Amino acid sequence: MAQRETWATRTGFILAAVGSAVGLGNIWRFPFVAGEGGGAAFLVMYLLFVGLIGFPAILVEFVVGRRTERNPVGALMQLGGNTWKYIGGVFIVTGFVILSYYSVVAGWFIRYFLEGLRSSYASQLAGFESAAAEAGAPVAAVMFGELSTGIDAFVFHTLFMAVTIGVVALGIRRGIELATKLMVPAIVLLLVGMAVWAFTLSGSSAGYEYYLSPEFGVILDNWTSLLPAAAGQAFFTLSLGMGVMITYASYLGEDRNLTKDALTIIGFDTGIAFLTGLVVFPIFFAAGITEPGEGGPGAIFVSMTEAFATLSGGRILGILFFGTVAIAALSSAISLLEVVTAYLIDEKGVERWKASLGMGGVIYLLGVPVTFDLIFLDLLDLFADGILLVFGALVLMILVGWIAPQFAVEELSKGIGDLGSLGQAWIWAVRVPIIIVLLVSLSLGVMDYV
Ligand code: PHE
Ligand code: NA
C-alpha cells in the first residue's frame, strides 16, 4: 500500500482544523445562544467551558490520532484492543449521518447566495407576498418554506456534496490542505469586512447592546439549561466527538507542540464566533428587527433575508453573508467526509478516490429524503448530535482517561518536554469533570429523543 499521507505544513494542519471547527455552530448557533443567554455574561461562561472541557478534550483527540496514525476505528483498536473497533465505528456512523443533513442545510446557503446574485432580496420577498397574506405568515418564512424542500433543495444538496467529494478525493495536501488554506482566510476577511460595514449602519448600536451587555441575572435564572447548552456548544463548535480531530491529527508526521496548536485552533474558533455576533446583531437592529430569537433551522434565513431586503446595500451584504456561510460549511463538511474516507483507506485498503466517491455517494443518498421533508432533519439531528456524538466523546474519554492514560501523557509531552503535574491535571480533567458533563448531556439527549 502507498505511504500514508501527511500535511505539508504546520499551518496547513491548523487551517484545516480551523476550517472544520468554524461552521454553522459559530455563525448561527453561537451568537443566538449568547444573545439570549445574557450576552457578555454568557461569553464568560462559554469561555470557561471551552477552556475546561473543550481544550482537554481536543488534546485527547489529537494524541489519539497522532500516536496511532489511524482513522478512529483503527486508532481505538490499536489503543484498546479488538472490541474497541466497534466503538470507533460509532464515530464513523456519526460523521456519516451528520454530513447527510449538513449538506442539505449548506445547500440552502448556496441557494440564497445565488438568489442574491439574481435579484434583490426585497424583490424576491415581493414574489411571495400574496402567498404569505393567504397563509397569514411572515413573507420570509413562506419563502424559506418554498425554497428549503423539493427539487431546488435537492439540486443544491447535490452540488454541495459533489464539491465536498471532489476536495476529499484530491487528498490531504492537494485537496483539504489547499482548499482550507484558501477558505479560512477568506472567511476571516469577509467577516471582518461585514463587521465594519455593519458598524456604519445607522441604528446598529442597539445590536451591540443586545449582544454584549452582561446580564448575570439571566445566567443565574437559567443556569440549569444554560450550563448543558454551553457544554454542548463547546464540543460541537470544536468538531469533537466525531473523530475529526483524531483523523486530522493522524496526518501529522512529526512531533510538535499539540498544546500550542490546540490553543491556536480554539482561539480562531472562538474569535470567529464572536466576530459573527458583531455582524449579525448590528445588521438586525439596523433593519429594525429587535427580537432576533432562535427558531428552528430556517430562522437564520428568515430573519437575515428580511434584514437584507430592508437595508440599503443589503443585497451585496446578503451575497457576502450567505457566501461566507457556504464556505464555512464546506470546510466543515470535508472534515466529516475525510473521517469516513480515512476509515475505508486505512482499514479496507480502498483507494482514496473510490472511498470518497463511494462513501460520499451513500451519504448523499441518505440526505435526499431531507430535501423532501424537513422532519428528517430534526430526527437525524437529534439522534446524531444529541446522542451519537456525545456517546462517542464519552467512550473516548473513558478509554484515554481510565484505560490508557500513560500513552496519552507521553504522547502529549512530545514536542513540549516534561509536562510535570500539568499532565496529571489534564488526565484528571478528562477522568472526572468531562465525563460527568458528557454523562449529563447524554441523559438529556436520550430523554429528548424518547
Ligand atoms: N464545528 C462545526 C461548527 O461549529 C460543526 C462540525 C462538527 C463540523 C463536527 C464538522 C464536524 O459548525
Ligand atoms: Na465551531
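All figures in this text were calculated on a predicted structure; none of them were measured in a lab. (Residues numbered from 1 in each chain as written. Chains lettered and ligands numbered in written order. Predicted model: local features only at pLDDT ≥ 70, side-chain atom pairs only at ≥ 80, totals over all residues.)

**Considerations on the overall build of the protein chain**
Basically, it comes down to this: We count a stretch as a helix when DSSP gives it H or I for four or more residues in a row; a strand needs E for two or more, and each element gets its number in order from the N terminus. The globule rule used here is 2.2 Å times the number of residues to the 0.38 power, and the radius of gyration it is set against is calculated over C-alpha atoms. With C-beta atoms placed from the backbone, a residue is labelled by how many other C-beta atoms lie within 10 Å of its own: buried for 20 or more, exposed for 12 or fewer, partly exposed between the two. Contact between two residues is assigned when their C-beta atoms, built from the backbone, lie within 7 Å.
Along the backbone of the protein chain there are 20 helices and 0 strands. Relative to its length of 450 residues, the protein chain is compact, with a C-alpha radius of gyration of 21 Å against a globular reference of 22 Å. In the protein chain, which comprises 450 residues, the share counted as buried stands at 54%. For the protein chain, restricting intrachain contacts to residue pairs at least 6 apart in sequence, the fraction spanning at least 24 positions comes to 84%.

**Here we look at helix α18 (residues 375-403)**
One turn of an α-helix holds 3.6 residues; hence residues three or four places apart share an orientation. For the record, the criterion: The length a helix should cover is 1.5 Å for every residue beyond the first. What the bend at a residue measures is the angle between two axes, fitted to the seven residues ending there and to the seven starting there.
For α18, spanning 29 residues, the distance from its first C-alpha to its last is 40 Å, which sits close to the expected 42 Å at 1.5 Å a residue. A maximum bend of about 30° is found in α18 at Ala384.

**Focus: the packing of helix α3 (residues 40-68) against α18**
Counted only if it meets this: The convention used is that axes are lines fitted to C-alpha atoms, helices contributing only their stretch in contact, and that angles between N-to-C directions extend from 0 to 180 degrees. Any angle that falls under 35 degrees is termed roughly parallel, while one over 145 is termed roughly antiparallel, one within 65 to 115 roughly perpendicular, and all others oblique. Take the far helix as your reference; a near helix turned counterclockwise from it by less than a right angle gives a left-handed crossing, and one turned clockwise gives a right-handed crossing. Just so you know the grouping, Ala, Val, Leu, Ile, Met, Phe, Trp, Tyr, Cys and Pro go in nonpolar, Asp, Glu, Lys and Arg go in charged, and all remaining residues, Gly too, go in polar.
Running from amino to carboxyl end, α3 crosses α18 at an angle of 70°, the nearest separation of the two axes being 11 Å. Classed by the angle they form, the pair α3 and α18 counts as roughly perpendicular. Both α3 and α18 take part in a crossing whose hand is left-handed. Every residue of α18 that contacts α3 at Ala57, Val60 and Val64 is listed here: Ala393, Leu396, Met397 and Val400. Among the residues making up the contact of α3 with α18, the classes are represented as 7 nonpolar, no polar and no charged.

**Describing the environment of Arg4**
For Arg4, the location among the structural elements is in the segment before α1 (10-21). You can call Arg4 partly exposed: it has 14 C-beta atoms within 10 Å. In this structure, the C-alpha to C-alpha distance between Arg4 and Phe32, residues 28 residues apart in sequence, is 41 Å.

**Digging into the packing of helix α9 (residues 151-169) against helix α17 (residues 352-372)**
The interhelical angle for the contact between α9 and α17, taken along N-to-C directions, is 160°, at an axis separation of 9 Å. When the axes of α9 and α17 are compared, the pair comes out roughly antiparallel. The hand of the α9/α17 crossing is right-handed. For the pair α9 and α17, the contacting residues are Ala153, Phe154, His157, Met161, Thr164, Ile165, Val168 and Ala169 in the first and Arg352, Trp353, Ser356, Leu357, Gly360, Tyr364, Gly367, Val368 and Thr371 in the second. Of the residues in the contact of α9 with α17, the class split is 10 nonpolar, 6 polar and 1 charged.

**A look at the environment of Leu48**
Topologically, Leu48 is positioned in helix α3. Taking the C-alpha atoms as reference points, Leu48 and Ala234, separated by 186 residues in sequence, lie 9.5 Å from one another.

**Remarks on the nonpolar core**
This is how it is decided: Only buried Ala, Val, Leu, Ile, Met, Phe, Trp, Tyr and Cys residues enter a nonpolar core, and they are joined through C-beta atoms within 7 Å.
With 166 residues, the main nonpolar core has Val60, Ala106, Phe109, Ala326 and Ala329 as its most contacted residues. Once residues lying within four places of it in the same chain are set aside, the contact partners of Ala329 are Gly23, Leu24, Tyr102, Ala106 and Phe109.

**Observations concerning the site of ligand 1**
Note the threshold: Using the backbone to place each C-beta atom, any residue with that atom within 6 Å of a molecule or strand is considered near it.
Taken together, 14 residues are adjacent to ligand 1, and Gly23, Gly25, Thr237, Ser239 and Ser332 come closest. Among the elements of the structure, α1, α2 (24-36), α12 (216-237) and α16 (314-348) are those that each provide at least two residues to the shell around ligand 1. Grouping the amino acids of the shell around ligand 1 by side-chain chemistry returns 6 nonpolar, 8 polar and no charged.

**Focus: helix α19 (residues 405-413)**
Rules: Note that the arc is defined by the directions from the helix axis to the C-beta atoms.
Those residues of α19 not exposed but buried are Ala408, Glu411 and Leu412. Within α19, the buried residues cover an arc of 95° as seen down the axis, which keeps them to one side. Just downstream of α19, Gly415 is the residue with a positive phi angle, here 80°.

**As for the environment of Val93**
Inspection of the secondary structure assignment puts Val93 in helix α5 (residues 84-118). Among the residues examined, Val93 registers 14 C-beta atoms within 10 Å and is labelled partly exposed. Through-space distance from the C-alpha of Val93 to that of Leu389 is 9.6 Å; in sequence the pair is 296 residues apart.

**Quick word on unusual backbone geometry**
A positive phi angle, close to 50°, is found at Glu69, a residue other than glycine. Its place among the elements puts Glu69 in the loop between α3 and α4 (72-80). Note on Glu69: 17 C-beta atoms within 10 Å, which makes it partly exposed. Even without being glycine, Ser239 reaches a positive phi, approximately 60°. Position of Ser239 among the secondary structure elements: in the loop between α12 and α13 (244-249). The exposure class assigned to Ser239 is buried, which follows from the 29 C-beta atoms found within 10 Å.

**Looking at the confidence of the model for the protein chain**
What counts, and what does not: Across the chain, each position has a pLDDT score giving the predictor's confidence in that residue, from 0 to 100.
Summarising the model, the protein chain shows a mean pLDDT of 91, and 98% of its residues fall at 70 or more. Of all secondary-structure elements in the protein chain, the lowest mean pLDDT belongs to α12, at 80, while α13 reaches the highest, 98. Across the interfaces of the predicted complex, the ipTM metric reaches 0.97, alongside a pTM of 0.94.

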